[in-house]
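Next come the chains, spelled out residue by residue.
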Amino acid sequence: MDTEKKIKVLITGAKGFVGKNLVATLEYAEDIEFFAYDIDSEKELLEKYTKECDFVVHLAGINRPQNPEEFMTGNYGFTGDLLGMLEKAGNKCPLLITSSTQAALDNPYGKSKLAAEDIIFEYGDRTGARVFVYRLPNVFGKWCRPNYNSAVATFCHNIAHGLPITVTDPEICLTLVYIDDVVAEIVRVIRESQDPNAPMTLEYRGIREVPVTHKATLGRITQLLYGFKESRKTLQVPDVSDSFEKKLYSTYLSYIPDNEYVYDLNMHCDHRGSFTEIIRTPERGQFSVNISKPGITKGEHWHHTKNEKFLVVSGKGVIRLRNVQNGEVIEFFVSGEKLQVVDIPTGYTHNIENLGDTDMVTFMWANEVFNPDVPDTYWLPVSEK
């Protein structure tokens, strides 16, 4: 592909859910420029864009009309208008359309999407233009309108705002696709379709699917979302090794009210300073921040199994370790001016002393969440032999 020439992409439905995310991605693509078209755009612009574009991403459609007859007008009729303009301009550029899995169902919306698919395929067969028809299942992610046509968006919005949700059957299983995966697939097809040296991994005929999908019951989705809401109290974070949970958490955060982005933590304060837990995870332990006043020594204990990592990020001090089986003391002088992690191994009593004249701030990680019933913490001053 000629890297000097940008691919000109026409996007219909550019202000919709998928459109907004696609536009936000393409704004940073150095090899692609785009023409954004939506329902409030002047029709003359569409005629202009169909003459100039190298690729069409057809996202425009109707899914919540006041009159069911508008389904066919908005989904089938507008698609026909778009194809007519391309054919009039003699532009046989590739075209990608996002359809819906409901195209396989016998309802007004599904019938209109199926009709749009058929006319796209017929256009491709007649003109030789390459067409890519993607049937999307339930799409979720940021910027999706709640209380419209996405259960995930509605659940995220209502739970984040303290509103009730309705789940008729928690065992219903949804097939879902994440917005970033949809956009990534669209961008991949745009680029590969313009590059004669790139092996296309898709055939040009037939129904296609975004390669990364997820299955989850309504019960699991709502359970996770309520857990995300409570995480500010429990300090639990999602299991990011689970791809769906990671994406759902990112989606949920985008629905939190603006004035609730900040939340308080429980600071354990005394004359020595403070200790505050930030994150708790059953899989990856606990993360906390410790603040020590000048001249203060904290710690003086050891663990059988629990191990820790200390990182002083502000101030200066010394971390002392002693194997409980002998009297040798190891010292590590630490400072926020040179970030160094000090491992605290099992079987070593340890302390940390603030040697400066300002507060010393230390990030601390432990390999397990503190359990007051089994603290695995034993008092023993480092200085005692």
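Scroll up for the structure.
What you see is a predicted model; the values in this text were computed from it and never measured.

Engineer: What exactly am I supposed to notice about the sheet that holds strand β20 (residues 378–379) here?
Structural biologist: Whenever strands of a sheet pair, they do so through backbone hydrogen bonds, lying parallel or antiparallel. With antiparallel pairing, five strands are arranged side by side in an open sheet as β16-β15-β18-β13-β20. What marks the edges here is a single partner per strand, and that holds for β16 (329–335) and β20. Where strand β15 (residues 316–323) and strand β18 (residues 348–354) come together, seven bridges link them in antiparallel fashion. Paired with R320 across the strands is N351, a residue of β18.

Engineer: Just to check I follow, could you spell out the side chain of T154 for this structure?
Structural biologist: Tracing the backbone through its elements, the reader meets T154 in helix α5 (residues 151–160). On the basis of relative accessible area, T154 is assigned to the buried category, the value being 16%. Those residues in contact with T154 that sit more than four places away from it in its chain are P146, N147 and Y148.

Engineer: I would appreciate a short explanation of helix α6 (residues 179–194) in the present structure.
Structural biologist: Because an α-helix packs 3.6 residues into every turn, residues spaced three or four apart end up facing the same way. The end-to-end C-alpha distance of α6 is 23 Å, a good match for the 22 Å that 16 residues give at a rise of 1.5 Å each. Within α6, burial applies to I179, D181, V182, V183, E185, I186, V187, V189, I190, E192 and S193.

Engineer: Looking at this model, I keep getting lost on the nonpolar core. Mind explaining?
Structural biologist: Inside soluble globular proteins, nonpolar side chains tend to come together where they are buried. Grouped together as the largest cluster of nonpolar side chains are 51 residues, with contacts concentrated most on L22, V57, I186, I221, L225 and L248. Top element by residues in this core is α6. It accounts for seven residues. The contact partners of V57, leaving out residues within four places of it in the chain, are V9, L10, I11, T12, L22, L96, I186 and I190. L46, M85, L86 and V131 belong to the second-largest nonpolar core, a separate cluster that totals 23 residues.

Engineer: Where do I start with the pairing of strand β5 (residues 131–136) in this structure?
Structural biologist: For a regular strand, the rule is simple: side chains alternate between the two faces of the sheet. Among the six residues of β5, six are classified as buried, and the element is accordingly described as predominantly covered. Residues V131, V133 and R135 point to one face of β5 and F132, Y134 and L136 to the other, with burial holding for every one of them. Across two bridges, the pairing between β5 and strand β8 (residues 207–208) is parallel. Paired with V133 across the strands is I207, a residue of β8.

Engineer: Sorry if this is basic, but what is going on with the pattern of salt bridges here?
Structural biologist: As a working rule, side chains carrying opposite charge can pair if their charged atoms are close by. According to the stated counting rule, one finds 18 salt bridges in the structure shown. A salt bridge links R188 to E185; its shortest N-O distance comes to 2.9 Å. Taken as a pair, R188 and E185 lie in helix α6 at a separation of three residues, close to a single helical turn. R188 gets classed as partly exposed once you look at its relative accessible area, which sits at 23%. A salt bridge links D343 to K309; the nearest nitrogen and oxygen atoms lie 2.7 Å apart.

Engineer: Explain the packing of α5 against helix α7 (residues 218–234) to me, please; I cannot follow it from the model alone.
Structural biologist: A pair of packed helices is characterised by two quantities: the angle between their axes and the separation of those axes. Two elements in contact, α5 and α7, have axes whose closest approach is 10 Å; the angle formed by their N-to-C orientations is 30°. As judged from the angle between their axes, α5 and α7 are roughly parallel. Both α5 and α7 take part in a crossing whose hand is right-handed. Where α5 approaches α7, its residues V152, F155, C156, I159 and A160 are matched on the opposing element by L218, I221, T222, L225, Y226 and K229.

Engineer: Help me understand the packing of α7 against helix α8 (residues 243–253), please; the structure alone is not making it clear to me.
Structural biologist: It is at 10 Å that the axes of α7 and α8 come closest, and there the two elements cross at 55°. With respect to α8, the element α7 is oriented oblique. Where α7 crosses over α8, the handedness of that crossing is right-handed. Seen from α7, the contacting residues are R220, I221, L224, L225, F228 and K229; seen from α8, they are F244, E245, L248, Y249 and Y252. In terms of residue class, the contact of α7 with α8 is made up of eight nonpolar, no polar and three charged.

Engineer: Explain the side chain of R135 here, please?
Structural biologist: With respect to the element layout, R135 can be found in strand β5. Only 2.9 Å separates the side chain of R135 from the side chain of E117, close enough to count as a polar contact. Setting aside chain neighbours within four positions, we find R135 in contact with S99, S100, T101, A103, A104, L114, E117, I207 and R208.

Engineer: Help me understand the pairing of strand β14 (residues 308–314), please; the structure alone is not making it clear to me.
Structural biologist: Relative to strand β17 (residues 341–344), β14 runs antiparallel, the two sharing four bridges. From the neighbouring strand, F310 faces β17, where its bridge partner is V342. In the sheet, β14 pairs with strand β19 (residues 360–366) via six bridges, with the strands oriented antiparallel. The residue of β19 that forms the bridge with E308 is A366.

Engineer: Can you help me understand the packing of aromatic side chains in this one?
Structural biologist: Two numbers describe a pair of aromatic rings. These are the distance of the centres and the angle of the planes. Taken as a whole and judged by the stated rule, the model has nine aromatic pairs. Centre to centre, the rings of F55 and F132 are 6.3 Å apart; their planes meet at 20°, and the pair counts as stacked. Taken together, the positions of F55 in strand β3 (residues 55–58) and F132 in strand β5 put the pair 77 residues apart, joining distant regions of the chain. A relative accessible area of 0% places F55 in the buried class. Residues F140 and Y178 carry aromatic rings whose centres are separated by 5.2 Å and whose planes lie at 45° to one another, so their mutual orientation is tilted. Taken together, the residues F140 in strand β6 (residues 138–140) and Y178 in strand β7 (residues 173–178) connect sequence positions 38 residues apart. Comparing F140 with Y178, the two get one shared label, buried.

Engineer: It is not clear to me how the sheet that holds β3 should be interpreted in this structure. Could you clarify?
Structural biologist: In spatial order, the strands read β2-β1-β3-β4-β5-β8; together these six strands make up an open sheet with parallel pairing. Sheet topology places β2 (32–37) and β8 at the edges, where each strand pairs with a single neighbour. Summarising the sheet, β3 and strand β4 (residues 95–100) pair through three bridges and their orientation is parallel. Paired with V56 across the strands is L95, a residue of β4. In the packing of helix α2 (residues 43–52) onto the sheet, the strands contacted are β1 (7–12) and β2, and the crossing angle to β2 comes to about 155°. Each of β1, β2, β3, β4 and β5 is contacted by α6, which is oriented at about 160° to β3, the strand it contacts most.

The rules we used
- Residues numbered from 1 in each chain as written.
- Predicted model: local features only at pLDDT ≥ 70, side-chain atom pairs only at ≥ 80, totals over all residues.
- Heavy atoms only, no water.
- Pairing = 2+ DSSP bridges.
- Helix = DSSP H or I, 4+ residues; strand = E, 2+ residues; numbered from the N terminus.
- Buried < 20%, exposed > 50% of the residue type's maximum accessible area, 1.4 Å probe, protein only.
- Contact = heavy atoms within 4.5 Å.
- Expected span 1.5 Å × (residues − 1).
- Core = buried A, V, L, I, M, F, W, Y, C linked by side-chain atoms within 4.5 Å.
- Salt bridge = Lys/Arg side-chain N within 4 Å of Asp/Glu carboxyl O.
- Axes fitted to C-alpha atoms, helices over the stretch in contact; angles between N-to-C directions.
- Parallel < 35°, antiparallel > 145°, perpendicular 65-115°, else oblique.
- Left-handed = near helix turned anticlockwise from the far one by under 90°.
- Nonpolar A, V, L, I, M, F, W, Y, C, P; charged D, E, K, R; others polar.
- Polar contact = N/O pair within 3.5 Å; in protein donor to acceptor, adjacent residues only side chain to side chain.
- Phe/Tyr/Trp six-rings, centres within 6.5 Å; stacked < 30°, edge-to-face > 60°.

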